[in-house]
Amino acid sequence: MTNEWTDELEQMRETIAKLAEERERAVSAIVKAEGMLELLETPAQKLQRARDAALELVKILQHNPGWILVIEGREYLTFPAWSTLGALLGLWTIITEVKELKDENGKVYGFEAHCQVLNRAEKVVSTAVARADRNEMIAEYEYHVDPKSGKRVRGRFLGLKKRFDEKVSDHAILALAQTRARRKALQACLNWVVGLTKYETTPAEEELELTP
């Protein structure tokens, strides 16, 4: 009886595994088919789809005001907003390569990340390369949160400082390089969609890295 139950359980596992594989293939085929249909869209259809995504993003931002940074009265979107917009349009990012940046003594001081944006047909629609290293200097500002809107507002310039102290791990610096690459790649293919809204087409993080 024990052997019979064991055989039946093994058959059930195999059946479930096969069904899961078939479902995964079917879902993948559907997603690719939808992506191919997007390639056949007319300009008017593409514009309408972009408008729909932009409108949906505005609704999402109403519940996530922290994704917006106000600089001198202009509103910039942070990376989560750009990533969400990409998802609304069936786009996602992948890091394809990471390179270590080394000094003359061979010590790693930063990283370079390469990123691609793919659509649902798994076609590359945008690429970007970005770096992050321990030698970076950043502009420091005062900030406050607007009590009415919940949006973060940049205040006066305080000066320059090193972005990373010695306690920051290589992993954290690598993560920043990857985030920058993802952000740049998304901006390259989505800035025109953001332009359909009231928000600036430059990512907030990029604007923050500019020194006054």
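All figures in this text were calculated on a predicted structure; none of them were measured in a lab.

Topic: the overall build of the protein
- Of regular secondary structure, the protein possesses five helices and seven strands.
- Secondary structure elements of the protein occur, N-terminal to C-terminal, as α-α-β-β-α-β-β-β-β-β-α-α.
- Here the protein holds 212 residues, and the buried ones make up 33% of them.
- Across the protein, contacts joining residues at least 24 apart in sequence account for 61% of those joining residues at least 6 apart.
- Taken as a whole, the protein presents about 13,400 Å² of accessible surface, with 52% of it coming from carbon and sulfur.

Quick notes on the nonpolar core
- Membership of the largest hydrophobic core comes to 33 residues, with the highest contact counts inside it found for L61, L77, L85, L89, L190 and V193.
- When residues of this core are traced back to their parent elements, those giving at least two are α2 (43–63), α3 (79–88), β4 (108–118), β5 (124–133) and α4 (170–194).
- It is α4 that contributes the most residues to this core, 10 residues altogether.
- Among the nonpolar cores identified, the runner-up in size contains five residues, and L69, I71, A204 and L208 belong to it.

Some remarks on unusual backbone geometry
- The backbone of E72 shows a phi angle near 55°, a positive value even though the residue is not glycine.
- Its location among the elements puts E72 in the loop between β1 (68–71) and β2 (74–77).
- For E72, a relative accessible area of 67% puts it in the exposed group.

Considerations on the side chain of K151
- Along the chain, the position of K151 falls in the loop between β6 (137–145) and β7 (152–162).
- Since its relative accessible area comes to 14%, K151 is described here as buried.
- Separated by 2.5 Å, the side chains of K151 and E75 make a polar contact.

What to know about the sheet that holds β6
- What the four strands build is an open sheet, ordered β2-β1-β7-β6; its pairing is mixed. With partners counted over all chains shown, the strands left at the sheet margins are β2 and β6, one partner each. Strand-to-strand twist in this sheet, taken as the mean axis angle between neighbours without regard to direction, amounts to 45°.
- Bridge count for β6 against β7 is eight bridges, and the pairing is antiparallel. Directly across from E140, in β7, lies its bridge partner G159.

The rules behind these values
Residues numbered from 1 in each chain as written. Predicted model: local features only at pLDDT ≥ 70, side-chain atom pairs only at ≥ 80, totals over all residues. Heavy atoms only, no water. Helix = DSSP H or I, 4+ residues; strand = E, 2+ residues; numbered from the N terminus. Buried < 20%, exposed > 50% of the residue type's maximum accessible area, 1.4 Å probe, protein only. Contact = heavy atoms within 4.5 Å. Areas by Shrake-Rupley, 256 points an atom, 1.4 Å probe, with all protein chains shown as cover. Core = buried A, V, L, I, M, F, W, Y, C linked by side-chain atoms within 4.5 Å. Polar contact = N/O pair within 3.5 Å; in protein donor to acceptor, adjacent residues only side chain to side chain. Pairing = 2+ DSSP bridges. Axes fitted to C-alpha atoms, helices over the stretch in contact; angles between N-to-C directions.

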